[in-house]
Amino acid sequence: MKTTYLLLSSVLLLGCLSACNIFTQKQKALKTNDGSIVTVETGGNELTVCDFALVKDTIDVPLSEFVEDCRIIRFDNSDSAMFKAWFTLVTDQYIGVRQQSGGPFKLFDKEGKFLHDIGSVGNGAGEYAVSIYDEVIDEKNDRIFLSPFYGRKIMVYGTNGKWIKDIPLPGQINKPKLSLNADGTLSVVHMPFQEGEPLAFQVDMEGNILKQIPATAKTTVSDFNGEVFSYKNGNDFDFFHTSIDTLFVYDPVGNRLLPEFTMTFPNPEEKPIHLYYRLPNHFMVNYYFWGKNGPENGGDILIDKKKNASSHFRLINDFYGNLPIPGSGHNFYQGYFIRNMEPGQLAEQIEKHLASGKCPSQDRKKLEELAATLDENDNNVLFVGKLKK
């Protein structure tokens, strides 16, 4: 059941389920040393292990626990600026939008003004015929790297939108994730189709493979089912390959995989579909069971590394009247909290939240005024906040 778009959409749908009172307990505080967490030393690295069966309480957690601030950016409304967001990347100078359904990658300035498309859809030079699967914005050198869903190249553009070159690769990469190294090379993790092919590798700008970690039988796949998720919120290259039930960091200097987090389940044969996320001081887990009608009985789990404890949780935006944030971990990407919403969708959420009585009285006017400015025909609205270290 874990096909590419099914798993991605289910992660987001599950967030909606968890926001709809799956858990009805009153708010509680996260306990310290609650017995659900074990830390294991593995080759000089600490692996955090959470026992699913020992995660008990449910708490509401404010967004301010994780971010310094949260503001709203309204994207340019010109025809060329419109998009259907899949992933949104925020840097100091830019906002990049990877689109659903294979649309071109769009680049905005940090205030939401549209700059230009990066490349275009097609089969010519500087064009991509398949969807973009990951991106890197290199502000220092005014470059943008795009990796396709599959292929034998990584595309390089200027931040002016112009194609510079393709980095040729000796083999095909499938669902690749990228990270820019300090020396200007790229690290890549993907889903290899044959044992012995690189699972992770480093490549220079000419396509030379400098270091690699070969795939094992367990990390080799036979099709495009499954995923490689990489949210990179810790200033390093973390990833979760769905064939390996562990979140790793790829260390490019030592050319090794460092296990960071995993979860144990009472019955490995009936464990839920799940996804791990990593923040500077926390892990998050999104999970659900697959029923006759789709995802059910799911939710989100927060693991606090400092408190050595865990809990089911609901994330709420306390900067904006405690608006619910479904799909908690999915909203943190490359050092920022990011929630990219269509205005009609946001207006509907605000209306339901105000009617629920869960908005603090002092924030009600703020949300009402925000809702009054939303036009369903406008481009998206972005909630953004920088992660605390």
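All residue numbers refer to position in the chain's written sequence, counted from 1. Totals for whole chains, interfaces and linings use all residues, but because this is a predicted model, local features are given only for residues with pLDDT of at least 70 and pairs of side-chain atoms are given and counted only at 80 or more. Excluded from the side-chain calculations are hydrogens and water; all other atoms, namely the structure's heavy atoms, are used.

As recorded by an unreviewed UniProt entry, the chain carries the name 6-bladed beta-propeller and is attributed to Parabacteroides segnis.

Caption draft 1: Expanded view of the packing of helix H2 (residues 343-356) against helix H3 (residues 361-372). At a closest axis distance of 10 Å, the pairing of H2 and H3 adopts a crossing angle of 150°. It follows that H2 is roughly antiparallel to H3 by the angle criterion. Viewed along their axes, H2 and H3 form a crossing whose handedness is left-handed. Counting all contacts with H2, which are made through Leu346, Ile350, His353 and Leu354, the residues of H3 involved are Arg364, Leu367, Glu368, Leu370 and Ala371. Each residue is assigned to one class: nonpolar for Ala, Val, Leu, Ile, Met, Phe, Trp, Tyr, Cys and Pro, charged for Asp, Glu, Lys and Arg, and polar for all the others, Gly among them. A breakdown of the residues in the contact of H2 with H3 according to their chemical character gives six nonpolar, one polar and two charged. To obtain each axis, a line is fitted to C-alpha atoms, and for helices this fit is confined to the stretch in contact; angles are then taken between N-to-C directions over 0 to 180 degrees. Under the DSSP-based scheme used, a helix requires at least four consecutive residues in state H or I and a strand at least two consecutive residues in state E, with every element numbered from the N terminus. Comment on the angle field: the value is read as roughly parallel under 35 degrees, roughly antiparallel over 145, roughly perpendicular from 65 to 115, and oblique elsewhere. Crossings are sorted by hand: turned counterclockwise from the far helix by less than a right angle, the near helix makes the crossing left-handed, and turned clockwise it makes it right-handed. Residue contacts follow a heavy-atom distance rule, with two residues in contact if any of their heavy atoms lie within 4.5 Å.

Caption draft 2: Fine view of the side chain of Asn45. The residue Asn45 is located in strand S2 (residues 45-51) in this model. One polar contact links the side chain of Asn45 to the main-chain carbonyl oxygen of Pro259, over a distance of 2.6 Å. Look past the residues within four positions of Asn45 in its chain and what remains in contact with it is Val40, Leu258, Pro259 and Glu260. Within 3.5 Å is the distance limit for a polar contact, defined as a pair of N or O atoms, with the added protein rule that one can donate a hydrogen and the other accept it, and that residues adjacent in sequence qualify only through two side-chain atoms.

Caption draft 3: Highlighting the packing of aromatic side chains. For Phe, Tyr and Trp, rings pair up if their centres lie within 6.5 Å, where Trp contributes its six-membered ring, and each pair is then called stacked (planes under 30 degrees apart), edge-to-face (over 60) or tilted (otherwise). One pass over the structure, following the stated rule, counts 27 aromatic pairs. Taking 6.2 Å as the distance between ring centres and 65° as the angle between the ring planes, the aromatic pair formed by Trp86 and Tyr133 counts as edge-to-face. Within this pair, whereas Trp86 is found in strand S5 (residues 85-90), its partner Tyr133 is found in strand S11 (residues 132-138), the two being separated by 47 residues in sequence. Classification of residues uses two cut-offs on accessible area relative to the type maximum, computed with a 1.4 Å probe and protein chains only: under 20% is buried, over 50% is exposed, and between them is partly exposed. Among the residues examined, Trp86 registers a relative accessible area of 18% and is labelled buried. Judged by its relative accessible area of 2%, Tyr133 is buried. Judged by centre distance (5.3 Å) and plane angle (35°), the rings of Phe149 and Phe224 are tilted. You can see Phe149 sitting in the loop between strand S12 (143-148) and strand S13 (150-158) and its partner Phe224 sitting in the loop between strand S18 (209-214) and strand S19 (228-229), a full 75 residues away along the chain. The buried category is assigned to Phe149, whose relative accessible area is 13%. Feature note: the residues Trp86, Phe87, Tyr133, Phe149, Tyr150, Phe193, Phe224, Tyr231, Tyr277 and Tyr333 constitute an aromatic cluster, connected by ring pairs.

Caption draft 4: Representation of the sheet that holds strand S8 (residues 114-118). When DSSP locates at least two bridges between a pair of strands, those strands are taken to pair. What the four strands build is an open sheet, ordered S5-S6-S7-S8; its pairing is antiparallel. The sheet is open, and its two edges are formed by S5 and S8, each paired on a single side. Between one strand axis and the next, the sheet turns through 20° on average, direction left out of account. Note that S5 and strand S6 (residues 94-99) share five bridges and pair antiparallel. Its bridge partner being in S6, Thr88 is matched across the sheet by Val97.

Caption draft 5: Summary view of H3. Expected helix span is taken as 1.5 Å per residue step, with the number of steps being one fewer than the number of residues. A rise of 1.5 Å per residue sets the reference length of H3, with its twelve residues, at 16 Å; its end C-alpha atoms lie 18 Å apart and thus fit the reference within 8%. For H3, the set of buried residues is Asp363, Leu367 and Leu370. Axial view of H3: buried residues confined to an arc of 55°, hence all on one face. The exposed set on the far side of H3, more than 90 degrees from its buried face, consists of Ser361, Lys365 and Ala372. Lining the buried residues of H3 we find strand S4 (71-74), strand S27 (323-324), H2 and strand S30 (381-386). Our arc is simply the arc of the directions from the helix axis toward the C-beta atoms.

Caption draft 6: Focus on the pattern of salt bridges. Salt bridges are counted wherever a side-chain nitrogen of Lys or Arg sits within 4 Å of a carboxyl oxygen of Asp or Glu. Applying the stated criterion across every chain yields a total of 20 salt bridges. With its nearest N and O atoms 2.9 Å apart, the salt bridge here joins Lys84 to Glu342. Pair noted here: Lys84 is in the loop between S4 and S5 and Glu342 is in the loop between strand S29 (336-341) and H2, with a separation of 258 residues, a long-range link. Look at Lys84 and you get partly exposed, because its relative accessible area is 46%. The exposure class assigned to Glu342 is partly exposed, which follows from its relative accessible area of 35%. Members of the salt-bridge network, linked through shared partners, are Arg98, Asp134, Glu135 and Lys232.

Caption draft 7: Broad picture of the sheet that holds strand S14 (residues 163-174). Taken together, four strands build an open sheet; the order of strands is S11-S12-S13-S14 and the sheet is antiparallel. The open sheet has two free edges, formed respectively by S11 and S14, since each of these has just one partner strand. Averaged over all neighbouring strand pairs, the angle between strand axes comes to 15°, with direction disregarded. Examined bridge by bridge, S12 and S13 share four bridges and lie antiparallel to one another. Among the inter-strand pairings, Arg143 is bridged to a residue of S13, identified as Gly158.

Caption draft 8: Structural detail: the nonpolar core. Throughout, nonpolar core names a set of buried Ala, Val, Leu, Ile, Met, Phe, Trp, Tyr and Cys residues whose side chains join them through atoms within 4.5 Å. Of all hydrophobic cores here, the largest spans 79 residues; its most connected members are Phe66, Leu146, Phe261, Met263, Phe332, Leu346 and Phe383. Aside from chain neighbours lying at most four places away, what touches Leu346 is Leu323, Met341, Leu370, Leu374, Val381 and Phe383. Of all hydrophobic cores here, the second largest spans 13 residues; its members include Val136, Leu169, Ile173 and Phe201.

Caption draft 9: Spatial organisation of unusual backbone geometry. Notably, Asn297 is not glycine yet its phi reads approximately 50°, a positive angle. Here Asn297 is to be found in strand S25 (residues 294-304). Taking the relative accessible area as the measure of exposure, Asn297 reaches 55% and is therefore exposed. Unusually for a residue other than glycine, Gln334 sits at a positive phi of about 50°. Looking at the secondary structure, you find Gln334 in the loop between strand S28 (332-333) and S29. With a relative accessible area of 23%, Gln334 lands in the partly exposed category.

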